[in-house]
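Overview (structure and organization)
Here is what each chain is made of, one letter per residue.
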Amino acid sequence: MNINKEIAECVGLWLAEGDDKCNNEITFTNNQFELIDFFHNTIKNLFLDYKFNIRIYVYTPNGEDIKVPLEVTKINRYVDKRATKPYYIWRLASVKINKKWKAIVNRYKDNPQCYADILRGFFAGEGSIKSTSHNSRSVMISQLPSIFLEKMLEHLEIEFNYNPG
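Residues numbered from 1 in each chain as written. Predicted model: local features only at pLDDT ≥ 70, side-chain atom pairs only at ≥ 80, totals over all residues. Heavy atoms only, no water.

Digging into the overall build of the protein chain
For clarity, the cut-off: A run of DSSP states H or I qualifies as a helix once it reaches four residues; a run of E qualifies as a strand once it reaches two. Both are numbered from the N-terminal end. Note on contacts: a residue pair is in contact if any heavy atoms of the two residues lie within 4.5 Å. Computed with a 1.4 Å probe, the accessible areas rest on the Shrake-Rupley method; for each residue, only the protein chains presented here act as cover.
Each helix and strand in the protein chain was counted, giving 5 helices and 6 strands. Pairs at least 24 apart in sequence give 63% of the contacts found in the protein chain among residues at least 6 apart. Here the protein chain displays about 10,300 Å² of accessible surface, and carbon together with sulfur accounts for 47% of that area.

And the structure:
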């Protein structure tokens, strides 16, 4: 299997912030437009031979008109008063592409050579760095316990623990 770093990172992003239950579309949610753009371009390049129906949903706390400089089928805008900043939901509607995407995700998940890149994407989607009082830092991932995440961390010899808080 040819390993592609960008695809592996998108696998991590999708595992962190995507919807793996849906069979009709690929969905990715994030509040950083750069990650939406990266995911969009990587998926478009991966499935060059297919026709796309990509929609972007933009949620803002106050209804502001956020620019979305992507070539997509439709952009929908909504107000989410709970949001502290704008966020985006990227959706590609295609049962066929979704099936192929999930097969690609599984191939990458089965390949330990991809773990560092998958983890990089996962951290971009769900991670943060916490500085504490004694000049120490903790890398944190806001995620429920995950067997696959643990498998990657153990393979990469990264010590970890869970804090329910």
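Overview of the pattern of salt bridges
The following threshold applies: When a carboxyl oxygen of Asp or Glu is within 4 Å of a side-chain nitrogen of Lys or Arg, the pair counts as a salt bridge. Exposure is judged per residue with a 1.4 Å probe applied to protein chains only, and the accessible area is read against the type maximum: over 50% gives exposed, under 20% gives buried, and values in between give partly exposed.
For the structure shown, the criterion picks out 8 salt bridges. Its salt-bridge partner being Arg77, residue Asp65 comes within 3.3 Å of it at the nearest N-O pair. Linking Asp65 in the loop between strand S2 (54–60) and strand S3 (74–79) with Arg77 in strand S3, this pair joins segments that are 12 residues apart in sequence. Residue class for Arg77 comes out partly exposed when judged on its relative accessible area of 38%. One connected set of salt bridges, linked through shared partners, spans Lys5, Glu9, Asp117 and Arg120.

Overview of the packing of aromatic side chains
The line we're drawing: Only centres within 6.5 Å qualify two rings of Phe, Tyr or Trp (six-membered ring in Trp) as a pair; their planes then separate them into stacked at under 30 degrees, edge-to-face at over 60, and tilted for everything else.
Following the criterion strictly, the structure yields 10 aromatic pairs and no others. For the pair Phe28 and Phe39, a centre-to-centre distance of 4.6 Å together with 25° between the ring planes defines the contact as stacked. Highlighted residues: Phe28 in strand S1 (residues 25–30) and Phe39 in helix H2 (residues 33–46), separated in sequence by 11 residues. Pairing Tyr115 with Phe148 gives two aromatic rings, centres 5.7 Å apart and planes at 85°, and the pair type is edge-to-face. Of the two residues, Tyr115 is situated in helix H4 (residues 115–126) and Phe148 in helix H5 (residues 147–155); the sequence distance between them amounts to 33 residues. Taken as a pair, Tyr115 and Phe148 share a single burial class, namely buried.

Some details on H2
The criterion, for reference: Expected helix span is given by 1.5 Å per residue-to-residue step, counting one fewer step than there are residues.
With 14 residues, H2 extends 20 Å from end C-alpha to end C-alpha; this agrees with the ideal 20 Å at 1.5 Å per step. Those residues of H2 that fall on the buried side of the exposure criterion are Phe33, Leu35, Ile36, Phe39, His40, Thr42 and Ile43. The inward-facing, buried residues of H2 contact helix H1 (5–17), S1, S2, strand S4 (87–93), helix H3 (95–109) and H4.

Observations regarding the sheet that holds S2
To keep it simple, the criterion reads: When DSSP finds at least two bridges between two strands, those strands are taken to pair. Axis lines are fitted through C-alpha atoms, for helices just across the contact stretch, and the angle between N-to-C directions can take any value from 0 to 180 degrees.
The mixed open sheet is built from 4 strands, whose spatial order is S1-S4-S2-S3. Of all the strands in the sheet, just S1 and S3 have a single pairing partner and so form its edges. Geometrically, the sheet is characterised by an average inter-axis angle of 15° between neighbouring strands, direction not taken into account. As judged from the 6 bridges shared by S1 and S4, these two strands associate in the antiparallel manner. Across the sheet, the residue bridging to Ile26 is Leu92, located in S4.

Here we look at the packing of H1 against H4
The condition that has to hold: Throughout this description, any angle smaller than 35 degrees is read as roughly parallel, any larger than 145 degrees as roughly antiparallel, any in the 65 to 115 degree range as roughly perpendicular, and the remainder as oblique. For any pair of crossing helices, the crossing counts as left-handed if the nearer helix is rotated counterclockwise from the farther one by less than a right angle, and right-handed if it is rotated clockwise.
Where H1 meets H4, the axes come as close as 6 Å, and the angle between the chain directions of the two elements is 40°. One way to sum up the angle between H1 and H4 is to call them oblique. The crossing of H1 and H4 is right-handed. Residue-level inspection shows Lys5, Ala8, Glu9, Val11, Gly12, Leu13, Leu15, Ala16 and Glu17 of H1 in contact with H4, the latter providing Asp117, Ile118, Arg120, Gly121, Phe122, Ala124, Gly125 and Glu126.

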